[in-house]
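Examination of the molecular architecture
Each chain is listed here by its residues.
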Amino acid sequence: MAAHLSYGRVNLNILREAARKELREFLDKCAGSKAIVWDEYLTGPFGLIAQYSLLKEHEVEKMFTLKNGRLPSADVKNIIFFVRPRLELMDIIADNIFSEDKHHPARDFHILFVPRRSMLCEQRLKEQGVLGSFVNIDEYILDLIPFDGDLLSMEYESAFRECYLENDQTSLYHTAKGLMTLQALYGTIPQIFGKGDCARHVANMMLRMKREFAGTQNQILPVFDTLLLLDRNVDLLTPLATQLTYEGLIDEIYGINNGYVKLPPEKFAQKKQGEGSKDLPTEPKKLQLNSAEELYAEIRDKNFNAVGAALSKKAKIISAAFEERHNAKTVGEIKQFVSQLPHMQAARSSLANHTSVAELIKDITTSEAFFDNLTVEQEFMTGVDTDKVNTYIEDCVAQKDPLIKILRLVCMQSVCNNGLKQKVLDYYKREILQTYGYEHILTLSNLEKAGLLKPQTGSRNNYPTIRKTLKLWMEDANEQNPNDISYVYSGYAPLSIRLTQVLARPGWRSIEEVLKMLPGPHFEERQQLPSGLHKKRQQGENRTTLVFFLGGVTYAEIAALRFLSQMEDSGMEYIIATTKLINGTNWIKSLMDRPESQTP
């Protein structure tokens, strides 16, 4: 199942296996038959670590979703609650326990906090009078979850909001802990670079934790050469832009959750000859998306305009392979053909699926609305008319387009102009509140606090300088055979990835001036390695950098980093880690107050 995690430069399966081992050990603590009551948000991330089969081996017979009221009946000895440390969930658990049938033979209750135990939650259970009902109270440290051979995520959805709105640094503590776990498995990372306040905090906590464990030096040859910690607020522009890679567009339009996407089923119906399409499926089609699927690994990071050609080329190869059967004359040849059949059939069904997905996306990307929106985004990125009210945004508000679309554009204009003139900002705010409702005043205030939507202060607009120095806009980006990372947004090179690229060569000293214009400090730290663990680099061997995005990363940025890893002369391979995989929509949504009243 997880073979694709071990294909890359760093075998991330080691991390997954460590997580599975701890889960087994906890389940074995609770002897006898078990039912798990899940905090719904955790089911996706856990699915990447352990399938139901592993739970079944350890006597898990039933699984329920955590909700108020009585627990469904289950003839089991143990009930285990798997929950995040949130107070509102403790109230539901208390309700479950009080609703237990008194005539029922007593069952043992256990609670497993993910990723950390919480004194506050235990206090709440005590106040509710149920703390004594638990036989085991434990924590399951699931910080970094391997999503793919080069990608780790904590899936901590509120990290950005907590850091920038609520001044809550819990997520940074979890990040530092996660990085310590990583170093315990893959060796100490000798060099740490960072940019931003949160990056500084995480580095400080890591160094402090390392001092605290000074006696237990791990004797593992370091796998990573460098760690780069990047704050999301150093580059607020990138997530606001519409991603234009295949994977990025799937996420923008349908949303990828824990490696799965749900798609409208019509395109996937298997029509048989002579039958009408009366029985179209109504259930959404669920596809798993990772590099275990050969075709997906090949096309996921391409600009969408290059995907059609790649799919037709693949179709020709597959049909040629099937034609081979006519040439198989001898028993040996026929046997060889038959042995290849399962792989060929899997390739054919994979091709059919991705052709359908590409058609669904193409219907949207060829629409006028998509083109108009993209045109305005690109005008903002190139600095065209960013200082006055934009007529396209006015029209969208007048047509009552989805609020999130409006907020993404207005925030983008603000970021590209280093804030909006007060009267432009007031005009946008007034239009939004009058059209979408005054309850959104809190959302606008949140966006302002996070630095996404702000009035222009006396200082000059630095964005043009940053754009020119870092070459953030490349005219005539080659989408078919890219030679620069700007292909992922058809012209715009993500600022976060440019910083990563410059760090590798020629180094950040060459862009000191620009770094000072971006928020937060930039720094470099070195961690001492035990003697004898210094890497002897072979001739032509690449260095490995772990890039950690604090506050979220988009699939287009991941594609750009993969592109840098594959460049012939880069000499660097990148592994990507983040607090959460994001796109502009779910990112803005996380900053909204009462987003549920807002239809996306």
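All values reported here derive from a predicted model rather than from experimental measurement. (Residues numbered from 1 in each chain as written. Predicted model: local features only at pLDDT ≥ 70, side-chain atom pairs only at ≥ 80, totals over all residues. Heavy atoms only, no water.)

**Re the domain arrangement of the protein chain**
- We note that the domain assignment places domain 1 (3-142), domain 2 (147-235 + 502-532 + 539-587), domain 3 (246-272 + 281-366) and domain 4 (369-417 + 419-459) within the protein chain.
- At the interface, nine residues of domain 2 touch eleven residues of domain 3.
- Note on domain 2 versus domain 3: buried area summed over both sides is about 900 Å², and carbon and sulfur give 41% of it.
- Taken as a group, Asp148, Tyr555 and Asn583 account for 55% of the area that domain 2 buries against domain 3, more than any other trio of residues on that side.
- Across the contact surface, domain 2 and domain 3 share three salt bridges.
- Residue Glu247 pairs with Arg562 through a salt bridge whose shortest N-O separation is 3.8 Å.
- Put simply, domain 2 and domain 3 have four residue pairs in polar contact (both at pLDDT 80 or more) between them.
- Among the residues forming the side of domain 2 that touches domain 3, the class breakdown is four nonpolar, two polar and three charged. (Domains from an automatic or database assignment. Contact = heavy atoms within 4.5 Å. Buried area = accessible area lost by both parts, 1.4 Å probe. Salt bridge = Lys/Arg side-chain N within 4 Å of Asp/Glu carboxyl O. Polar contact = N/O pair within 3.5 Å; in protein donor to acceptor, adjacent residues only side chain to side chain. Nonpolar A, V, L, I, M, F, W, Y, C, P; charged D, E, K, R; others polar.)

**Here's the deal with the nonpolar core**
- In this structure, Leu229, Leu452 and Leu499 are the most contacted members of the largest nonpolar core, which totals 168 residues.
- For this core, the leading source of residues is helix α16 (residues 403-416), giving ten residues.
- If we ignore the near neighbours within four places in the chain, the residues touching Leu229 are Leu179, Ile192, Phe193, Gly194, Lys195, Ala199, Val202, Ala203, Phe548 and Leu550.
- Leu66, Ala94, Phe113 and Phe134 belong to the second largest nonpolar core, which has 24 residues in total. (Core = buried A, V, L, I, M, F, W, Y, C linked by side-chain atoms within 4.5 Å. Buried < 20%, exposed > 50% of the residue type's maximum accessible area, 1.4 Å probe, protein only. Helix = DSSP H or I, 4+ residues; strand = E, 2+ residues; numbered from the N terminus.)

**Considerations on the packing of helix α1 (residues 13-29) against helix α7 (residues 170-186)**
- Following both chains from N to C, one finds α1 and α7 inclined at 110°, their axes separated by 10 Å at the closest point. Of the possible angle classes, the one that applies to α1 and α7 is roughly perpendicular. Here α1 contributes Ile14, Leu15 and Ala18 to the contact with α7, which in turn contributes Leu182, Leu185 and Tyr186.
- Partitioning the contact of α1 with α7 into residue classes produces six nonpolar, no polar and no charged. (Axes fitted to C-alpha atoms, helices over the stretch in contact; angles between N-to-C directions. Parallel < 35°, antiparallel > 145°, perpendicular 65-115°, else oblique.)

**Remarks on the pattern of salt bridges**
- This model, assessed by the stated rule, comprises 34 salt bridges.
- Here Lys29 makes a salt bridge to Asp138, at a shortest N to O gap of 2.5 Å. Residue Lys29 is located in helix α1, and its partner Asp138 is located in strand β5 (residues 134-139); the two are separated by 109 residues in the primary sequence.
- Taking relative accessible area as the criterion, Asp138 reaches 18% and is therefore assigned buried.
- Residue Arg161 is joined to Asp593 by a salt bridge in which the shortest nitrogen-to-oxygen separation is 3.1 Å. Of this pair, Arg161 sits in helix α6 (residues 159-164) while Asp593 sits in the segment after α23 (584-590); the two residues are 432 residues apart in sequence, bridging distant segments of the chain.
- Here Arg161 falls in the buried class, since its relative accessible area comes to 17%.
- Through salt bridges with shared partners, a single ionic network connects Asp148, Asp150, Glu247, Arg300, Asp301 and Arg562.

**Topic: the pairing of strand β14 (residues 543-550)**
- In terms of burial, β14 is a largely internal element, seven of the eight residues being buried.
- Of the strand pairs in this sheet, strand β9 (residues 226-231) and β14 are connected by six bridges, and their pairing is parallel. Each bridged residue has a counterpart across the sheet, and for Asp231 the counterpart in β14 is Leu550.
- Bridging between β14 and strand β15 (residues 572-578) involves seven bridges; their strand directions are parallel. Across the sheet, residue Leu546 finds its bridge partner in β15, namely Ile575.
- Note on the crossover from β14 through helix α22 (residues 555-566) to β15: the handedness is right-handed. (Pairing = 2+ DSSP bridges. Right-handed = clockwise from strand over helix to strand, strands pointing away.)

**Considerations on the sheet that holds strand β10 (residues 256-257)**
- Spatially, the three strands line up as an open sheet ordered β10-β11-β12, and their pairing is antiparallel. Two strands lie at the open edges of the sheet, namely β10 and β12 (285-288), each paired on one side alone.
- Relative to strand β11 (residues 260-263), β10 runs antiparallel, the two being bridged by two bridges. By the bridge assignment, Ile256 is partnered in β11 with Val261.

**A closer look at the pairing of strand β8 (residues 191-195)**
- The element β8 is largely enclosed, with a buried count of five among its five residues.
- Side-chain alternation along β8 places Gln191, Phe193 and Lys195 on one buried face and Ile192 and Gly194 on a second face that is also buried.
- Here β8 pairs with β9 via five bridges, running parallel. Considered in β9, the bridge of Gly194 is made with Leu229.
- With five bridges connecting them, β8 and strand β13 (residues 522-526) associate as antiparallel partners. Note that in β13 the partner of Phe193 across the bridge is Glu524.

**Side note on the sheet that holds β5**
- Pairing is parallel in the open sheet, where five strands are placed in the order β2-β1-β3-β4-β5. A strand with exactly one partner marks an edge of an open sheet, and here the two such strands are β2 (60-65) and β5. Shown here is a sheet whose adjacent strand axes are inclined to one another by a mean of 20°, direction ignored.
- Pairing of strand β3 (residues 78-83) with strand β4 (residues 108-113), which is carried by six bridges, proceeds in the parallel orientation. Bridge pairing links Val83 to Phe113 in β4.
- In this fold α1 packs onto β1 (34-38), β2, β3, β4 and β5, with an angle of close to 145° to the strand it touches most, β3.

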